[in-house]
Amino acid sequence: TVADLKGLKQGQLRLAVITTAKYFVPRLLGPFCQRYPGIDISLQVTNHSGILERLTDNLDDLYVMSQVPEHLDVVFQPFLDNPLVVLAPANHPLANEKNISLSRLAEEPFIMREPGSGTRKAVQKLFAAHEISVEVKLELGSNEAIKQAIAGGLGLSVLSRHTLTPDGASSELTVLDVEHFPIHRNWYVVYPNGKQLSVVARTYLEYLLDAAKQFATS
Ligand code: PGA
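Predicted model only: the values in this text are computed from it and were never measured. (Residues numbered from 1 in each chain as written. Predicted model: local features only at pLDDT ≥ 70, side-chain atom pairs only at ≥ 80, totals over all residues. Heavy atoms only, no water.)

Attention now goes to the sheet that holds strand β9 (residues 173-176). Sheet architecture is open: three strands sit in the order β8-β5-β9, paired in antiparallel fashion. Whereas interior strands pair on both sides, the edge strands pair on one side only; in this sheet they are β8 (157-160) and β9. For this sheet, the mean angle separating the axes of adjacent strands, direction not counted, is 50°. The pairing of strand β5 (residues 84-89) with β8 spans four bridges and is classified as antiparallel. Bridged to Leu84 within β8 is Ser160. Each of β5, β8 and β9 is contacted by helix α6 (residues 143-151), which is oriented at about 140° to β8, the strand it contacts most. (Pairing = 2+ DSSP bridges. Helix = DSSP H or I, 4+ residues; strand = E, 2+ residues; numbered from the N terminus. Axes fitted to C-alpha atoms, helices over the stretch in contact; angles between N-to-C directions. Contact = heavy atoms within 4.5 Å.)

By the alternation rule, side chains of strand β6 (residues 110-113) split into Phe110 and Met112 and Ile111 and Arg113, which are all buried. In terms of handedness, the path from β6 via helix α5 (residues 118-129) over to strand β7 (residues 136-140) forms a crossover that is right-handed. (Buried < 20%, exposed > 50% of the residue type's maximum accessible area, 1.4 Å probe, protein only. Right-handed = clockwise from strand over helix to strand, strands pointing away.)

Mean pLDDT for the protein: 93, with 96% of residues reaching 70 or above. Two numbers describe this predicted complex: its pTM, 0.92, and its ipTM, 0.97. (pLDDT = per-residue confidence, 0-100.)

Let us look at the site of the ligand. Every residue near the ligand is listed here: Ile18, Thr19, Thr20, Asn47, His48, Ser66, Asn82, Arg113, Ser117, Gly118, Thr119 and Arg185. At 2.7 Å from an oxygen atom of the ligand is found a side-chain nitrogen or oxygen belonging to Ser117. Contact distances for the ligand include 2.6 Å between an oxygen atom and a backbone N or O atom of Gly118. Broken down by class, the residue content of the shell around the ligand amounts to one nonpolar, nine polar and two charged. (Near = heavy atom within 4 Å. Polar contact = N/O pair within 3.5 Å; in protein donor to acceptor, adjacent residues only side chain to side chain. Nonpolar A, V, L, I, M, F, W, Y, C, P; charged D, E, K, R; others polar.)

Here the focus is empty space enclosed by the protein. One water molecule sets the probe size; rolling that probe over the atoms shows where empty space is left. Applying the stated criterion across every chain, the model contains two cavities of 30 Å³ or more. Taken together, 13 residues make up the lining of the largest cavity; nearest its centre are Ile18, His48, Gly118, Thr119 and Arg185. Its residues placed into classes, the lining of the largest cavity shows two nonpolar, nine polar and two charged. Roughly 30 Å³ of volume is contained in the second largest cavity. (1 Å grid on protein atoms, 1.4 Å probe; cavity = no way out; pocket = protein on both sides within 12 Å on 5 of 7 lines; lining within 4 Å. Points joined across faces, edges and corners; volume = space filled by probe spheres on them.)

Structural data, given as structure tokens:
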């Protein structure tokens, strides 16, 4: 019966997601919990290196990250794109320019995420590939704080487009049209190869993939 099936979906779901996915994954938990009221959830939000540590220690059921670790034996599945864009205050002189060069961008003061951040690594990789160095004016361990700092005129930064939620400083920011941007990345759902996923974790995984499909086409 349906009641028996519902009863099966009981227990704990442990998720760990990178900071940029925290705008997407928690939103989905509401409908999921309504459908399966017997499931309790713990959600850890941390940066790329924090996720790697948790994955290595096998602390959670499922992980959401943008860079699949090459040195770990994991199962992974991409489920949504995660473009990294250049953000500036809406009234910035470069706001209306087209195809801004990387070297022009590098003349601007820059705000960078903390070491251990996957966003930071992707940005540094792009600049290094083009042998361009930026002046890091400010280092900040939070996407929200970086958005506020950009709006406050402290500098430009590169963040996931998913951080541009309608709250906070987003309305005061604009995406610059810079060559080599956006940096194309994906979110992956990841778990250790050979790990026996619980019924609850498998149910959530299917739900996540399905919700992402709908989000991508909406
Ligand atoms: P971060 O996560 O918080 O480590 O920058 C984003 C990413 O890895 O894409």
